[in-house]
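# An overview of the molecular structure
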Amino acid sequence: MSLNVEHLPTRTLPAEKPLRLLDNAGHAVSGESTGGFSLPDVETLLDLYRKMVVARRFDVQVTALTKQGRLATYPSAFGQEGCEIGAVASLDAVDWLFPTYRDSIALLTRGIAPGEILQSFRGDWHNGYDQHAYRTAAQATPLATQALHAVGLAHAARLRHDPIVALTFIGDGATSEGDTHEAFNFAAVWQTPTVFVVQNNQYAISVPLARQTRAATLADKAVGYGMPGFHVDGNDVAAMYAVTTAAVERARAGGGPTLVEGVTYRIESHTNSDDPTRYRSSREVEHWKRRDPIERLEKYLVSEGALTESLRADITDAAEDLAAATREVMTVEAELDPLELFDHVYSRPRAALAEQRAFLEAELAEAAQEAGR
C-alpha cells in the first residue's frame, strides 16, 4: 500500500497562543500569556531596539547588493529580527553561537564586521571570520548539522567544567531532520548546556508547517526528550530575550538544555532565487507585516517616553552609516588565491594534498608566464 502525501487533506494547526510580554499594539501584557516572565527594563529594550533597527538596515542593504549582482545569494531575515536579536542578545561574550545560513543579522549583533559576514555569500571563502575570536561557528547551509556541533561543544565544556553555553538556531523545517532528533536527545540525556532556538517562520522554503508536523507546536517536541520547551511570540523581542536569557542562565547553572520556539515570519523570499508567490498569498504576507517586531517595540518605547525623536535619529544615522560601510566593502574586489584551497584542510599536511597543491601551483605559474608573453 502506498501513501501519497500529496493527496492527504490539508490540516490547519491549532491556534496555540504563544508566550508574549508585548502585544501587537506595543502594550505590556499580564496574566497567563506572560508565562511568568517579566518585561525587561527600558534600557535593555532600547538596546534591543537599536540592534534590530541596525540589523534590518543591514539586511535591506545586503538584499539590494544581491539584486545588483554583488553577491551570489543571500537569505534575508527581514521580519525575524525579534527572534534573532532577542535570542543572541541573551548570550555572554564567552558563550558560543551556532547559526544557520539565514542568521547574518545575529552575526552582526555578535560584533562580526559586514565584510567578514558576506565573504561566504560572495564566494570568496567558505567562512570569512575567525570563529574562535567571535565564539561563533560558521553559518551552516546543511539543515540541522550545526545543532549537533553545538551539543558537542557544550558537552565538551561541561566535561571541562567550563561555564559556557552554546545556543543554536534551527528552522522549522530543520526539526524534521534526523540531526535535530540526535541533537535534542544527546543534549537531554547528557544534560548539556545547550539552548535550541527554533525560528518557526512558517515555511521550510516552500513547504508550510502543517506539512512538516502533526504537533500542536514545535515546542511540544521538547516533552519527548525530557527538556523544557517554550512556545514564544518570536516577533516580541522582549519575550524572546526574557525566555532565552532564562534558558541560558539555567544551562550555565547545570540545568541542561532548553527548546525555545519563536513564532515569526519570513517577509522576503527564501533567497533571491525563490518565488514565494507560488506557495503563499500576498494577504498572508500583509497579515504578518502588521505584526512587525520593530514597530511593536517602538510603540511601547514611545509610550514610555524612552524613545525620543533625537534618539531615533541617532539610531537611524548609525544604521545608515553601517549600510554605507557595507556598500563600500562590497565594492572592493577580493584578492583570491586558488592555492588557498589547500589551506586549513588538515592540521598536518598530507603528502597527496601537497602533491596536488604543487601541481596547481606549477599550472598557475605556467599560465601566468604565457599571459606575460
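Conventions we followed
Residues numbered from 1 in each chain as written. Predicted model: local features only at pLDDT ≥ 70, side-chain atom pairs only at ≥ 80, totals over all residues. Heavy atoms only, no water. Buried < 20%, exposed > 50% of the residue type's maximum accessible area, 1.4 Å probe, protein only. Phe/Tyr/Trp six-rings, centres within 6.5 Å; stacked < 30°, edge-to-face > 60°. Helix = DSSP H or I, 4+ residues; strand = E, 2+ residues; numbered from the N terminus. Lys NZ or Arg CZ within 6 Å of the ring centre and 35° of its normal. Axes fitted to C-alpha atoms, helices over the stretch in contact; angles between N-to-C directions. Left-handed = near helix turned anticlockwise from the far one by under 90°. Contact = heavy atoms within 4.5 Å. Core = buried A, V, L, I, M, F, W, Y, C linked by side-chain atoms within 4.5 Å. Pairing = 2+ DSSP bridges. Salt bridge = Lys/Arg side-chain N within 4 Å of Asp/Glu carboxyl O. Expected span 1.5 Å × (residues − 1). Arc of directions from axis to C-beta.

So, on to unusual backbone geometry. The backbone of His 161 sits at a positive phi, close to 60°, despite the residue not being glycine. Given the relative accessible area of 72%, His 161 is considered exposed.

What follows is about the packing of aromatic side chains. What the rule picks out here adds up to 9 aromatic pairs. Ring geometry for Tyr 74 versus Phe 121: centroids 5.5 Å apart, planes at 80°, classification edge-to-face. One end of the pair, Tyr 74, is in the loop between α1 (42-67) and α2 (81-88); the other, Phe 121, is in helix α4 (residues 114-122), with 47 residues separating them in the sequence. Under the relative-accessibility criterion, Phe 121 is labelled buried at 8%. Grouping aromatic residues by their ring pairs yields a cluster made of Phe 184, Phe 196 and Tyr 225. Sitting over the ring of Phe 78, Arg 56 keeps its end group 4.1 Å from the ring centre.

Moving on, we get to the packing of α2 against helix α9 (residues 237-252). At a minimum axis distance of 8 Å, the contact between α2 and α9 shows a crossing angle of 30°. The crossing of α2 and α9 is right-handed. Every residue of α9 that contacts α2 at Gly 82, Cys 83, Gly 86 and Ala 87 is listed here: Val 237, Met 240, Tyr 241 and Thr 244.

Moving on, we come to the nonpolar core. By size, the foremost hydrophobic cluster in this structure holds 59 residues, and its most contacted members are Phe 58, Leu 297 and Leu 301. With 11 residues, α1 is the single largest residue contributor to this core. Those residues in contact with Phe 58 that sit more than four places away from it in its chain are Tyr 74, Ser 104, Ile 105, Leu 108, Pro 114, Ile 117, Leu 118, Leu 322 and Thr 326. Core analysis: the next-biggest nonpolar cluster, separate from the first, contains 15 residues, Ala 144, Phe 184, Leu 209 and Leu 259 among them.

Here we take up the side chain of Gln 146. Its place among the elements puts Gln 146 in helix α6 (residues 145-159). According to the relative accessible area criterion, Gln 146 is buried, its value standing at 3%.

Next up on the list: the pairing of strand β3 (residues 194-200). In terms of burial, β3 is largely enclosed, as 7 of its 7 residues are buried. Alternating positions in β3 separate into two faces, Thr 194, Phe 196, Val 198 and Asn 200 on one and Val 195, Val 197 and Gln 199 on the other, with burial throughout. Two elements, strand β2 (residues 166-171) and β3, share 6 bridges in a ladder whose sense is parallel. Bridged to Gly 171 within β3 is Gln 199.

Here the focus is the sheet that holds strand β7 (residues 258-263). A sheet is described by the order of its strands in space; here 5 strands give the open sequence β1-β2-β3-β7-β6, paired in parallel fashion. Every interior strand has two partners, whereas the edge strands, β1 (96-98) and β6 (229-233), have only one. Taking the axes of each pair of neighbouring strands and ignoring which way they run, one obtains an average angle of 20° across the sheet. Across the sheet, α9 is in contact with β3, β6 and β7; its angle to β7 comes to roughly 170°.

Take the environment of Ala 166 next. Looking at the element boundaries, Ala 166 is found in strand β2. Residue classification places Ala 166 among the buried residues on the basis of a relative accessible area of 1%. Taking C-alpha positions, Ala 166 is 22 Å from Glu 116, a pair spaced 50 residues apart along the chain. Excluding its chain neighbours within four sequence positions, the residues that come into contact with Ala 166 are Trp 96, Phe 98, Ala 150, Leu 153, Ala 154, Pro 193, Thr 194 and Val 195.

Quick look at the pattern of salt bridges now. One pass over the structure, following the stated rule, counts 15 salt bridges. Between Arg 252 and Asp 95 there is a salt bridge; the shortest N-O distance is 2.8 Å. On the criterion of sequence distance, the pair formed by Arg 252 in helix α9 and Asp 95 in the loop between α2 and β1 is long-range, its members being 157 residues apart. Given a relative accessible area of 0%, Asp 95 falls into the buried group. Here Asp 274 ties to Arg 266 by a salt bridge, and the two come within 3.9 Å at their closest N and O atoms. Like Asp 274, the residue Arg 266 is buried in the burial classification.

Here we come to helix α7 (residues 178-190). In this model, α7 (13 residues) spans 18 Å end to end at C-alpha, consistent with the 18 Å of a helix rising 1.5 Å per residue. Among the residues making up α7, those that are buried are Thr 180, Ala 183, Phe 184, Ala 187 and Ala 188. The buried side chains of α7 occupy one side of the element, clustering within an arc of 115° when seen end-on. One or two steps after α7, the chain reaches Gln 191, where phi turns positive at roughly 50°.

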